[in-house]
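Structure assessment
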Amino acid sequence: MVQTKEAPAPRAALTELQDACLKAYRWMLLARTAEEKIASLYRGGKITGGVFLGRGQEALSAALGMAL
């Protein structure tokens, strides 16, 4: 089997990829921060009922939101 080397990606493609990754990270950070605030309010008795925290699932919500 012959192995070939891929051509380097153009600078514009790398910049777009970096921008997309940074945007996804910002959404994941926002989701984590919001969930921590909700957990804090729940522990403080400010929220009644049940609260579901999706800790560790931020990437899923960010990817889904960006795909929409």
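Preceding this section is the structure that the text describes.
Residues numbered from 1 in each chain as written. Predicted model: local features only at pLDDT ≥ 70, side-chain atom pairs only at ≥ 80, totals over all residues. Heavy atoms only, no water.

1. Here's the deal with the overall build of the chain
The secondary structure content of the chain amounts to two helices and zero strands. Computed over the C-alpha atoms, the radius of gyration of the chain is 19 Å, more than 25% above the 11 Å expected from 2.2 N^0.38 for a compact globule of 68 residues. With the C-alpha coordinates of the chain rotated into their principal frame, the extents come out at 65 × 30 × 20 Å. Among the 68 residues that make up the chain, the fraction classed as buried is 10%. Element-wise, carbon and sulfur atoms account for 61% of the exposed surface of the chain, whose accessible area totals about 6100 Å². Of the side chains in the chain, 9 bear a positive and 6 a negative charge, and the two mean positions are spaced by 8 Å. (Helix = DSSP H or I, 4+ residues; strand = E, 2+ residues; numbered from the N terminus. Rg over C-alpha atoms; globule rule 2.2 N^0.38 Å. Buried < 20%, exposed > 50% of the residue type's maximum accessible area, 1.4 Å probe, protein only. Areas by Shrake-Rupley, 256 points an atom, 1.4 Å probe, with all protein chains shown as cover. Lys, Arg positive; Asp, Glu negative; His and termini not counted. Charge placed at Lys NZ, Arg CZ, Asp CG, Glu CD.)

2. Describing helix α1 (residues 11-43)
The terminal C-alpha atoms of α1, which comprises 33 residues, lie 48 Å apart, in line with the 48 Å expected from a rise of 1.5 Å per residue. All of the buried residues along α1 are Ala24, Ala31, Glu35 and Ala39. Summarising the contacts, the buried residues of α1 are in contact with α2 (58-67). Downstream of α1 by a residue or two, Gly45 has a phi angle that is positive, lying close to 80 degrees. (Expected span 1.5 Å × (residues − 1). Contact = heavy atoms within 4.5 Å.)

3. What about the pattern of salt bridges?
Within this structure, the stated rule accounts for one salt bridge. Linking Arg32 and Glu58 is a salt bridge whose minimum nitrogen-to-oxygen distance equals 2.6 Å. Separated by 26 residues along the polypeptide, Arg32 in helix α1 and Glu58 in helix α2 bring together distant segments of the chain. With a relative accessible area of 32%, Arg32 lands in the partly exposed category. Here Glu58 falls in the buried class, since its relative accessible area comes to 8%. (Salt bridge = Lys/Arg side-chain N within 4 Å of Asp/Glu carboxyl O.)

4. A closer look at the packing of α1 against α2
Contact geometry of α1 with α2 gives a least axis separation of 9 Å together with a crossing angle of 125 degrees. Taken together, the axes of α1 and α2 lie oblique to each other. Crossing of α1 against α2: the hand is right-handed. Here α1 contributes Ala20, Lys23, Ala24, Trp27, Met28, Ala31, Arg32 and Glu35 to the contact with α2, which in turn contributes Glu58, Ala59, Ser61, Ala62 and Met66. Of the residues belonging to the contact of α1 with α2, the class tally is eight nonpolar, one polar and four charged. (Axes fitted to C-alpha atoms, helices over the stretch in contact; angles between N-to-C directions. Parallel < 35°, antiparallel > 145°, perpendicular 65-115°, else oblique. Left-handed = near helix turned anticlockwise from the far one by under 90°. Nonpolar A, V, L, I, M, F, W, Y, C, P; charged D, E, K, R; others polar.)

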